[in-house]
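In case you want the letters, here they are:
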Amino acid sequence: SFLTGLLICEQVSLQLPEIDNIALRSSLFEGWCVGLLSASSPWRMVCSLTAAGILNLCPAALYHATSRVSIIAKYFSRLENTVARRVWAERAATPVCSRYCQAMIELLSSVKRSLRLDPNAAKHFIQDSIKVDAATPLPLESYVNKKKSDLFPCCESWEWSQGWVSNNFGWEILTGSVEIMEVEWKQPPRSVVRTLMDGGEGPPLLREGCSVMRGPDWDKRVNANNEDGRDLYEKEKLSKDAEKLSAVDQASSPQPEGERGSDGIDNERDSGGTASAPEQDAIEVFADASLTIPNTNSTPLEVSLFRKKKKKTAGTKLPLGTVLSIESWNGIPGVARRVRWNLTGQEGVYRYGGDGGHFDIIHVETNDKKTRVKKRYPNPESAEQCAARYGFGRGRTCNVLLRLRRCPEREVCTSDADLDCIGVLEWPDFGAGILVECTLHTDGAITIREKSVLYGSKDSGWEARFGQPSFVPGSVFVISPTQAPTSTYQDDTNSAYDELLGSDSFLVKSLRNREDGGGRLRVTSEMRLFRSKRGSITRQEGGINIDSSFASTSSPPPPICFDSNFHAPSISLSKDKRTVTCTTSDGRGTVFGNVGFT
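The following paragraphs examine the structure supplied in this document. (Residues numbered from 1 in each chain as written. Predicted model: local features only at pLDDT ≥ 70, side-chain atom pairs only at ≥ 80, totals over all residues. Heavy atoms only, no water.)

## Quick look at the overall build of the chain
- A tally of regular secondary structure across the chain gives 17 helices and 21 strands.
- Long-range pairs, those at least 24 residues apart, make up 60% of the contacts in the chain with a sequence separation of at least 6.
- Surface accessibility of the chain: about 34,100 Å² in total, with carbon and sulfur atoms responsible for 52%. (Helix = DSSP H or I, 4+ residues; strand = E, 2+ residues; numbered from the N terminus. Contact = heavy atoms within 4.5 Å. Areas by Shrake-Rupley, 256 points an atom, 1.4 Å probe, with all protein chains shown as cover.)

See the structure below:
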């Protein structure tokens, strides 16, 4: 940067002819444009600031660099798209932005200036259309009526045409809150598997071919029986244990010296120290029983028997099953498994997270002979546990802001027809804005239908409302004016604003209540909005005369107050929630407003 500043300074430019100055600055600009392709953000910031400074001094450098290097031409063609996405990514800190964002805006401004000043650059420059990702807002342009009117004249600003200029000319602003009621269910305990998964030690997926055994909820099934062969396993195991015990008792019983066996051979050892026939049988019995002799007075022969290599007996086959396929349970996919049991050959579908987190089977790993369990895997986190971890089922209050676009003029409609309009319902707690279709009824009620996500995340963070990460369109709120406004505005604002109250309920699709055997869960939400009251009218013989309090623009929105649930303990709120007071000597703390900004 220092050498570049020396080469383009005024003292050097005065010593060179104009054509050499343009060639020098164009070469410097081309060299710095290569740095714009770097993977390092700080280096791209430095290159952007330097290239923008060179381009402001020599607009012809843009055509020189883009005509020579195609990759630089492609970069500048998508520069506006890159800057728009960067600005939107830093929207949470507005009006503060990063130095990197400032450098990108400076470079874009220099490019647009060069296109106006240099005809060659404007003639050969190809600009891509602005493309956005899932986090950037969708325009309202496709949803609005494009008919020209005196109320909405044409404007060259894309922010205005796409509905992002939120002024009071043609917008109706309603503020309020949505209270999500507590779900009537017993919240499941937190799963320990989440901690194991964070450390990379979570259970594997129970897929086809894996081995399973009966789980903790096996006996809680309807018509539960022993189709896994557990009774056969226990019967065979008891039989083998009885045989071993009888063999041990027979081998350990004392025999008189010189007693002859049934075959006429003495049962005592010969002079060579070899074991007789009963002693040889005892060797096999003790080896099969795999026992140790606790008696310290054992004979040398008995001690030597146990020092020999023991013969391994065939163990009892465990009541294992093999997973054949992943099945659905009561319409919820992936929460059941079809299993064939090895001992009985029977097949069945068993819950593996279904009905609110029931596990009829567990995932195990055995040895090759299927006689011993080497590892028992913990049950995975159920969908109910995951949703509860993200706030599902708990009551909460979300402050919202409803912006109705292209509302009809604030006048009394002489017909009985309802009026339709579109708007944006902002959910700051979820960081999203929802496209809504609204119907203004003649009795003052408003029907709000959520259609799609305009901006914000549509695939994560919605567990508190829908019991699943993704947004579910179709919620309908019907809010009606109440007779006596309550709670939020207790002062003279009651005479200036109407309170509208309504509710909506959502039947969760993929969650079940474990306590009542897999019952459905329902989330109930209550919406409370405030809007300005309409002015008075006087009827005359010539028709309807609108009072002077009416205007073609929207009324001012209800005042925003402080949130009583989100403030530091050292701060107290007033009754109307408009002022705050520090109650401690430290004088520090934070208090949030009741309506956020997305």
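Okay, back to it.
## Overview of the sheet that holds strand E14 (residues 497-513)
- Taken in spatial order, the 8 strands close into a barrel running E1-E9-E10-E11-E12-E13-E14-E15, and their pairing is antiparallel. Taken pair by pair, the neighbouring strands of this sheet meet at an average axis angle of 30°, ignoring direction.
- Where strand E1 (residues 171-180) and strand E15 (residues 519-532) come together, 6 bridges link them in antiparallel fashion. What sits directly across from Val178, in E15, is Met527. (Pairing = 2+ DSSP bridges. Axes fitted to C-alpha atoms, helices over the stretch in contact; angles between N-to-C directions.)

## Re helix H5 (residues 61-68)
- Those residues of H5 that sit buried are Ala61, Leu62, Ala65 and Thr66. All buried residues of H5 lie within an arc of 120° about the axis, which places them on one face of the element.
- Residues of H5 that are buried sit in contact with helix H3 (18-35), helix H4 (41-57), helix H6 (70-77), helix H8 (99-117) and helix H9 (119-124). (Buried < 20%, exposed > 50% of the residue type's maximum accessible area, 1.4 Å probe, protein only. Arc of directions from axis to C-beta.)

## Remarks on the packing of aromatic side chains
- Using the criterion set out here, one finds 15 aromatic pairs in the structure.
- Considering the side-chain rings of Phe29 and Phe76, the 6.0 Å spacing of their centres and the 25° angle between planes classify their relative orientation as stacked. Residue Phe29 is found in helix H3, and its partner Phe76 is found in helix H6; the two are separated by 47 residues along the sequence.
- Judged by its relative accessible area of 0%, Phe29 is buried.
- Exposure remark for Phe76: the relative accessible area of 2% places this residue in the buried category.
- Look at Trp185 and Phe392: their rings are 5.3 Å apart centre to centre, the planes differ by 75°, and that puts the pair in the edge-to-face class. Remark: Phe392 occurs in the loop between helix H16 (383-389) and strand E9 (396-405) and Trp185 occurs in the loop between E1 and helix H11 (193-198); sequence separation between them is 207 residues. (Phe/Tyr/Trp six-rings, centres within 6.5 Å; stacked < 30°, edge-to-face > 60°.)

## Comments concerning the nonpolar core
- Counting residues in hydrophobic clusters, the biggest one holds 39 residues, and the most contacted among them are Phe392, Leu402, Trp427, Ile446, Ile448, Met527 and Leu529.
- With 5 residues, strand E11 (residues 432-440) is the single largest residue contributor to this core.
- Setting aside anything within four residues of it in sequence, one finds Met527 in contact with Ser177, Val178, Leu425, Ile448, Phe477, Ile479, Leu500, Leu501 and Gly502.
- Core analysis: the next-biggest nonpolar cluster, separate from the first, contains 28 residues, Leu36, Leu62, Ile72 and Val83 among them. (Core = buried A, V, L, I, M, F, W, Y, C linked by side-chain atoms within 4.5 Å.)

## Remarks on the environment of Ser564
- Position of Ser564 relative to the elements: it lies in strand E18 (residues 562-567).
- With 10 residues separating them in the primary sequence, Ser564 and Ser574 have C-alpha atoms 9.6 Å apart.
- Ser564 has contacts with Leu573 and Lys577, leaving out every residue within four places of it along the chain.

## Quick look at H6
- Taken residue by residue, H6 has Ile72, Tyr75, Phe76 and Ser77 as its buried positions.
- Buried residues belonging to H6 abut H3, H5, helix H7 (79-89) and H8.

## Concerning the pairing of E9
- Of all the 10 residues making up E9, 8 are buried; the element is thus mostly covered by neighbouring parts of the structure.
- With 5 bridges connecting them, E9 and strand E10 (residues 419-427) associate as antiparallel partners. Bridge pairing in E10 places Leu402 opposite Leu425.

## A look at the environment of Ile448
- Structurally, the position occupied by Ile448 is in strand E12 (residues 446-455).
- Of the residues examined, Ile448 reaches a relative accessible area of 0% and is grouped as buried.
- Along the primary structure Ile448 and Cys438 are separated by 10 residues, whereas in three dimensions their C-alpha atoms are 4.7 Å apart.
- Excluding its chain neighbours within four sequence positions, the residues that come into contact with Ile448 are Leu402, Val436, Glu437, Cys438, Ser475, Val476, Phe477, Ile479, Met527 and Leu529.

## Re the pattern of salt bridges
- Counted by the stated rule, this structure contains 20 salt bridges.
- Where Lys220 meets Asp217, a salt bridge forms, and the shortest distance between an N and an O atom there is 3.4 Å.
- By relative accessible area, Asp217 is classed as buried at 4%.
- Linked by salt bridges that have partners in common, Arg194, Glu381 and Arg389 make up one network. (Salt bridge = Lys/Arg side-chain N within 4 Å of Asp/Glu carboxyl O.)

## Details of the packing of H4 against H8
- For the pair H4 and H8, interaxial distance at closest approach is 8 Å and the crossing angle is 30°. Comparing the axis directions of H4 and H8 gives the class roughly parallel. Note on packing geometry: the crossing formed by H4 with H8 is left-handed. Within the contact between the two elements, H4 uses Ser41, Arg44, Met45, Ser48, Leu49, Ala51, Ala52, Leu55 and Asn56 and H8 uses Arg99, Tyr100, Ala103, Met104, Glu106, Leu107, Ser110, Val111, Arg113 and Ser114. (Parallel < 35°, antiparallel > 145°, perpendicular 65-115°, else oblique. Left-handed = near helix turned anticlockwise from the far one by under 90°.)

## Some remarks on unusual backbone geometry
- In this model, Asn330 sits at a positive phi of 55°, which is unusual for a non-glycine residue.
- Inspection of the secondary structure assignment puts Asn330 in the loop between strand E3 (321-329) and strand E4 (332-341).
- Note on Asn330: relative accessible area 52%, which makes it exposed.
- For Lys577, which is not glycine, the phi dihedral falls at a positive 60°.
- With respect to the secondary-structure elements, Lys577 resides in the loop between strand E19 (571-573) and strand E20 (580-582).

## A look at a negative patch on the surface
- Where like charges cluster on the molecular surface, the negative patch consists of Asp418, Asp420, Glu437 and Asp443.
- In this structure, Glu437 sits in strand E11. (Patch = residues over 30% accessible without salt bridge, like charges linked within 9 Å, V, L, I, M, F, W, Y side chains within 5 Å. Lys, Arg positive; Asp, Glu negative; His and termini not counted. Charge placed at Lys NZ, Arg CZ, Asp CG, Glu CD.)

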